[in-house]
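Listed here are the chains, written in short residue letters.
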Amino acid sequence: MREKLQRFMWGRYGNDRLNQFLMIVALVLMVISLFGPNILYTLALSLMIYAYYRMFSRQIAKRSAENQWFYRKEMKVKNWLQRKKREWAQRKDYHIYKCPNCRQKLRVPRGRGRIAIRCRKCGTEFIKKS
């Protein structure tokens, strides 16, 4: 039986990170659809069908390009979350201001009173209370 499955999957794309994400979202939507509208169940079913289509596809280059696109989007979200986590951890020690000219984020230590802040990017100087 195992050999038959291996022969069937020979030359097919298989599972990847995007498929795993699609399946998790589909399962979450199915659970929510137990208490909510049936349209979520239909959406979950269509996501599962798409995930299986990708898994059994022989167009490996296209599926790989889709997975790379997903990785880029996933890394953007992860980097944004890490940045927010770092800002949240530093909130007790620093104020974060944006330059009024170039919108660059500037980190200023708290408890220094009114100080003149100079943007390193554009050189604009402005006064804020730290």
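Use the structure listed above.
Every chain is numbered on its own, with residues counted from 1 as its sequence reads. It should be noted that, the model being predicted, local features are given only for residues of pLDDT at least 70 and side-chain atom pairs only at 80 or more, the latter also being counted only at that level, while totals for whole chains, interfaces and linings use all residues. Each side-chain value is derived from all of the structure's non-hydrogen atoms; neither hydrogens nor water enter the calculation.

Chemist: What exactly am I supposed to notice about the overall build of the protein here?
Modeler: Looking only at helices and strands, one finds 4 helices and 4 strands in the protein. Mapped from its N terminus to its C terminus, the protein presents α and β elements in the order α-α-α-α-β-β-β-β. Here the protein has a C-alpha radius of gyration of 24 Å; the compact-globule value for 130 residues is 14 Å, and the former is much larger. For the protein, the C-alpha atoms occupy an extent of roughly 75 × 40 × 25 Å along the three principal directions. Burial classes: relative accessible area under 20% of the type maximum marks a residue as buried, over 50% as exposed, and values in between as partly exposed (1.4 Å probe, protein chains only). A buried classification covers 24% of the 130 residues belonging to the protein. Working rule for contacts: check all heavy atoms of both residues, and any pair within 4.5 Å makes them a contact. Of all intrachain contacts in the protein linking residues separated by at least 6 positions in sequence, the fraction that spans at least 24 positions is 38%. In these tables, accessible area is a Shrake-Rupley quantity obtained with a 1.4 Å probe, and a residue counts as shielded only by the protein chains included in the view. Surface summary for the protein: the accessible area is close to 10400 Å², and the carbon and sulfur share equals 59%. Taking the average place of the 31 positive charges on the side chains of the protein and the average place of its 7 negative ones, the gap between the two points comes to 5 Å. Only runs of H or I of at least four residues qualify as helices and only runs of E of at least two qualify as strands under DSSP, and these elements are numbered from the N terminus. A radius of gyration in this sense is built from C-alpha atoms; the matching globule rule multiplies 2.2 Å by the number of residues raised to 0.38. None of His or the chain ends enter the tally, which takes Lys and Arg as positive and Asp and Glu as negative. Working definition for charges: the position is that of NZ of Lys, CZ of Arg, CG of Asp or CD of Glu.

Chemist: Can you walk me through the side chain of Asn19 in this structure?
Modeler: Of note, Asn19 is situated in helix H2 (residues 17-35). Assessed through its relative accessible area of 0%, Asn19 is described here as buried. The contact partners of Asn19, leaving out residues within four places of it in the chain, are Gly14, Ala51, Arg54 and Met55.

Chemist: In this structure, what is going on with the packing of aromatic side chains? I would like to understand it.
Modeler: Geometrically, a pair of aromatic rings is defined through the distance of the ring centres and the angle of the planes. Side-chain rings of Phe, Tyr and Trp, where Trp is taken by its six-membered ring, are said to pair if the distance between their centres is within 6.5 Å; with planes under 30 degrees apart they count as stacked, over 60 as edge-to-face, and otherwise as tilted. Inspection of every chain in the model, using the stated rule, returns 3 aromatic pairs. Consider the rings of Tyr50 and Tyr53, whose centres lie 6.4 Å apart with planes at 25°: the pair is stacked. Remark: Tyr53 and Tyr50 occur in helix H3 (residues 39-56); sequence separation between them is 3 residues, near one turn of the helix. Tyr50 gets classed as partly exposed once you look at its relative accessible area, which sits at 33%. We classify Tyr53 as partly exposed; its relative accessible area is 46%. The ring centre of Trp88 lies 4.0 Å from the NZ or CZ of Arg91, which sits over that ring. Both a distance and an angle decide whether a charge sits over a ring: NZ of Lys or CZ of Arg must be within 6 Å of the ring centre and within 35 degrees of the ring normal.

Chemist: I would appreciate a short explanation of unusual backbone geometry in the present structure.
Modeler: Working note: non-glycine residues mostly have negative phi, and peptide bonds are mostly trans. Of note in this structure, Arg103 is not a glycine but carries a positive phi near 65°. We classify Arg103 as exposed; its relative accessible area is 53%.

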